[in-house]
Amino acid sequence: MLRYALFLLISAVLYGYYNLYHTGSTAWKKPHVLFITADDLGYSDVGFRNKEIISPNIDGLAQEGVILSASYLQPFCTPSRAAILTGKYPYKIGMQLPFAIDHKACLPLNETLLSQRLKKAGYKTHALGKWHLGFCNWDCTPTRRGFDTFYGMYAAYGDKLLHINYNSDDSEEGLDFRDNDRLATEVTGQYSTDLYGKRAVSLIEHHNTEYPLFMWLAFQNVHSPVTVPDEYIQMYPGMDRDKASYYGTVTIVDEYMGKIIAALKKRDMYDNSLIIFTSDNGATLYSIGASNAPFRGEKSTVWEGGTRGVTLIAGTKAIKKKGYTHDGLFHAIDWTPTIMHFAQQSLDSDTMLDGVDQYDMIYKGDNSKRTEFIYQVMPDHKTAVRVGKYKLVMGLPGQKFHSVETAKERGFTKTMLPTHDIYTTDSNIMLFNLEDDPGETTDISERHPDIVKKLKAKVEAARADYKQIDLKIDPLAAPSHFDGSWSPGWC
Ligand SMILES: [Ca+2]
């Protein structure tokens, strides 16, 4: 009897604790959410996968958090960002293709972004780094899309010191860097990762801890051009300079990860933070040293190497089971519902998202709720779907950025290419068993016509929903219309 009473007492205490912890009672504050992306970072381009790379802070986070080994993104920057921030498949909202700087295009304004949802939930919201979701109209820009502040560039890439970018025909150049809406001419000559990292630390130092923080920090590194201050190249003595430069672009990001963690600790915010670190697509193998091993392919392709990301998530209080690798399926579109759950917010009942709430997967290591997903859908090529262990690829998996011969000329060795040549034939349909063959070496479509038929039906259903917003280059975007800068106001 006494034992039963004790059991009841413990149960009551645990239940109370659970409620306190999870149901948004005033005693449990909403976690700060830091969503940090490294642009074009390859699956193996972190220290915990490649011992040559110096990234102790990222490795430390991975060690104390959860590594998601089957975290999928999109083959390019724009659709990945759209997927994360909307919780919807980019092919359904016209966002499957990357934006050029002078494309008259914008992430559709009728979509509600994660930043808008979190702001409504009481978060202070900040966007730093690369936006790349359109800026032709002020309404497209981050400070009109749920972010209290913005510090960074509107377009895809640019010189990391001068912050200038060129229009599509290379006829004009202009500064692309804003501090909120203001053109930030004072940043010229300062390296972008330093700028973003320092601003991130400053925002944490000045954050009013009465409120939860949402920081969207999209580093420009390790995207090309592969430039980095010399001291980071010197950290890899004796190494080929191109390779050391690439590794250096990772190491400087890691250094700021350390500074951000230190700043959170100093403000007593760390234990109540959820830190997500992820790539946005696979590495481009043009960068010497970049690797998506053990996967095939690269950025822009629907091979695993183009779509499977380095992803980890850490949180002292927010995550119960940690210090391990979860191999369940996770997709970029799952972040919105998952983060909203961590933020103790229910989504409006009329919110139709493609993403699933993976809170239990992240929080306590449950199985993934996801058993299938669409990699990407295009009308006639670069299309793939995964159901369980099977992946069906339809059409050419990706465009050719360069030939194998060019790769060799640029010093690629066979080992730098992820176990196979990065290209394939133009076979229309390929089927892979990713459990037995994660490197996608062997097409088994002829052996399994029934599985091909089932997966093909899923692709066809998805293709029926495919739409793409018109990507038209508009000469009105040119910097000569805006005092030499890239600026909103031309659509
Ligand atoms: Ca990218």
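The structure under discussion appears in the preceding block.
Residues numbered from 1 in each chain as written. Predicted model: local features only at pLDDT ≥ 70, side-chain atom pairs only at ≥ 80, totals over all residues.

## Re the overall build of the protein chain
For clarity, the threshold we go by: In this text, helices come from DSSP runs of H or I with a minimum length of four residues, and strands from runs of E with a minimum of two, each type numbered from the N-terminal end. Exposure classes come from backbone-placed C-beta atoms, where a residue is buried if 20 or more other C-beta atoms lie within 10 Å of its own, exposed if 12 or fewer do, and partly exposed in between. Residue pairs qualify as contacts under a 7 Å threshold applied to their C-beta atoms, which are placed from the backbone.
Looking only at helices and strands, the protein chain features 12 helices and 18 strands. Burial status across the protein chain gives 49% buried among its 491 residues. Relative to all contacts within the protein chain whose residues are 6 or more apart in sequence, the contacts with residues 24 or more apart total 70%.

## A word on unusual backbone geometry
Residue N221 is joined to V222 through a cis peptide bond whose omega torsion reads 10°. Checked against the element boundaries, V222 lands in the loop between β10 (213–219) and α6 (230–233). Each neighbour pair has its own omega, and for A293 with P294 the value is 10°, a cis peptide bond. Assignment of secondary structure puts P294 in the loop between β11 (273–279) and α8 (304–307). Even without being a glycine, D40 presents a positive backbone phi close to 65°. By secondary structure assignment, the location of D40 is in the loop between β1 (32–38) and α2 (56–64). One non-glycine residue with positive phi stands out, namely H163, at about 60°. Turning to its location among the elements, H163 is positioned in the loop between β5 (149–153) and β6 (164–166).

## Some thoughts on the sheet that holds strand β18 (residues 429–433)
Threshold: Only strands joined by at least two bridges in the DSSP assignment are considered to pair. Every axis in this analysis is a line fitted to C-alpha atoms, fitted for helices over the stretch in contact. Angles between the N-to-C directions lie between 0 and 180 degrees.
Read across the sheet, 4 strands follow the order β15-β16-β17-β18 without closing on themselves; strand pairing throughout is antiparallel. Of all strands in the sheet, those bounded by a partner on one side alone are β15 (372–376) and β18. Each strand axis lies, on average, 15° off the axis of its neighbour in the sheet, ignoring direction. As judged from the 5 bridges shared by strand β17 (residues 390–394) and β18, these two strands associate in the antiparallel manner. Note on β18: the bridge partner recorded for M394 is I429. The strands touched by helix α12 (residues 449–464) within the sheet are β15, β16 (383–387), β17 and β18, with β17 carrying the most contacts at an inclination of about 60°.

## Regarding the sheet that holds β1
Strand order in this open sheet of 10 strands is β9-β8-β5-β4-β10-β1-β11-β12-β2-β13, and the pairing throughout is mixed. Edge positions in the sheet fall to β9 (182–183) and β13 (324–326), since each has one partner strand and no second. The pairing of strand β4 (residues 124–130) with β5 spans 5 bridges and is parallel. Within the sheet, the bridge partner assigned to L128 lies in β5 and is Y151. Relative to the sheet, helix α5 (residues 192–205) contacts β4, β5 and β10, its axis offset from that of β10 by approximately 170°.

## Observations concerning the pairing of β5
Remember that side chains alternate between the two faces of the sheet whenever the strand is regular. The element β5 is largely enclosed, with a buried count of 4 among its 5 residues. Where β5 lies against strand β8 (residues 178–179), 2 bridges are found, and the strand directions are antiparallel. Looking at the pairing, Y151 lines up with D179 of β8.

These figures come from the coordinates and say nothing about function on their own.
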